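# Fold and contact review
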Amino acid sequence: MTQNDTRPRTDAPSLLHPLDNPARSSLTGPHAHFTESRGRVLRYPVDVTPWIALPDAPDAQDWADLAALAGPGGSVALAALQAPPPPDWEIVFRADGVQLVDASVDAAPDPEAVLLGPRDVPEMLDLVARTRPGPFLPRTVELGTYLGIRRGGVLVAMAGERLHPPGWTEISGVCTDESVRGQGLASRLVLAVAHGIRERGETPFLHASASNTGAIRLYESLGFRLRRRTAFLSALVPAAFPSAHGT
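This text gives an overview of the structure that appears in the document. (Residues numbered from 1 in each chain as written. Predicted model: local features only at pLDDT ≥ 70, side-chain atom pairs only at ≥ 80, totals over all residues. Heavy atoms only, no water.)

### A closer look at empty space enclosed by the protein
- Within the structure shown, the criterion is met by two cavities of 30 Å³ or more.
- Of the voids in this model, the largest cavity is the one considered here, and its volume is about 130 Å³.
- Every residue lining the largest cavity is counted, 16 residues in all, and those nearest its centre are Pro22, Ala23, Ala79, Ala80 and Leu163.
- Mapped onto the lining of the largest cavity, the elements with two or more residues apiece are α1 (22-27), β3 (52-53) and β11 (224-236).
- For the lining of the largest cavity, the element with the highest residue contribution is β11, accounting for three residues.
- Broken down by class, the residue content of the lining of the largest cavity amounts to ten nonpolar, four polar and two charged. (1 Å grid on protein atoms, 1.4 Å probe; cavity = no way out; pocket = protein on both sides within 12 Å on 5 of 7 lines; lining within 4 Å. Points joined across faces, edges and corners; volume = space filled by probe spheres on them. Helix = DSSP H or I, 4+ residues; strand = E, 2+ residues; numbered from the N terminus. Nonpolar A, V, L, I, M, F, W, Y, C, P; charged D, E, K, R; others polar.)

Structure below.
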């Protein structure tokens with residue numbers, strides 16, 4: 001924090017529901033060991049996941065601290081913002097999304113699912129490159145349990161855990177190779193990952209693009225329900241961000 005800064009400490013609890021700012025809830029909770037910070041701004045290591053965790057109501061100093069973390073011209077991935085970035089931050093990507101929570105999911109283990117770990121990362125990255133389920137980086141697998149299904153020795157489907165607010169775990173990285181789509185593998189893996197989350201006494205949740213109506217219908221058919229609408233965006237730090245703001 002800056003000198004004479006009377007704002008809440010970086011680790012101050014949010015007054016919102018944990019899922020209203022899930023990245024921050026994760027980084028001040030079960031994922032605190034991943035946290036990199038400047039002032040009240042938190043983030044995961046850049047090779048784990050791109051999400052930045054701003055305070056619930058970021059002020060000018062928070063944006064200055066984020067700029068210092070990312071560097072001039074750096075790209076930052078933001079979600080669950082209650083207000084847009086400052087006008088001099090260029091928004092280069094924005095997508096409306098939905099947050100779904102377990103309401104009546106019939107979670108169950110899957111006999112064909114195998115546990116994936118660090119040695120499987122090259123295969124996982126290859127599958128992600130073919131299917132584009134969203135951000136998945138070399139160390140994303142460290143965030144939680146990932147399960148996969150292989151056919152002929154080739155990884156063709158996977159799903160796993162990402163954000164981890166207290167009492168909740170996000171299901172993410174759900175993807176299926178085109179060669180096996182329509183066989184229900186994604187559904188089976190989601191239910192299997194949900195089973196593991198439930199076994200820990202936690203509740204599964206997930207995010208999806210609001211435009212991906214097929215995925216939303218699938219998740220709703222599995223027993224998830226809409227909790228809230230949100231937005232995901234990527235913005236660029238101003239190239240000439242005043243260095244004095246970050247002191």
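The structure having been displayed, the exposition proceeds.
### Observations regarding the nonpolar core
- In this structure, Ile171, Val174, Val190, Tyr219 and Phe224 are the most contacted members of the largest nonpolar core, which totals 28 residues.
- Looking at this core, the elements with two or more residues in it are β5 (90-102), β7 (146-151), β8 (154-161), β9 (168-176), α4 (185-199), β10 (203-209) and α5 (213-222).
- Element by element, the count of residues in this core is highest for α4, at nine residues.
- Contacts of Tyr219, omitting those with residues within four sequence positions, involve Leu100, Val174, Val190, Leu206, Ala208 and Phe224.
- Within the second largest apolar cluster, 16 residues are counted, among which are Phe34, Leu42, Leu163 and Phe205. (Core = buried A, V, L, I, M, F, W, Y, C linked by side-chain atoms within 4.5 Å. Buried < 20%, exposed > 50% of the residue type's maximum accessible area, 1.4 Å probe, protein only. Contact = heavy atoms within 4.5 Å.)

### Focus on the pairing of β9
- Among the nine residues in β9, nine count as buried, and that is most of the element.
- One ladder, built from four bridges, connects β8 with β9; its direction is antiparallel. Looking at the pairing, Met158 lines up with Cys175 of β9.
- Between β8 and β9, which pair antiparallel one after the other, the connecting turn spans six residues, and Gly167 there sits at a positive phi close to 85°.
- Where β9 meets β10, four bridges bridge the pair, whose relative direction is parallel. Note that in β10 the partner of Glu170 across the bridge is Phe205. (Pairing = 2+ DSSP bridges.)

### A closer look at the side chain of Ser187
- You can see Ser187 is positioned in helix α4.
- Since its relative accessible area comes to 16%, Ser187 is described here as buried.
- The contact partners of Ser187, leaving out residues within four places of it in the chain, are Leu218 and Leu222.

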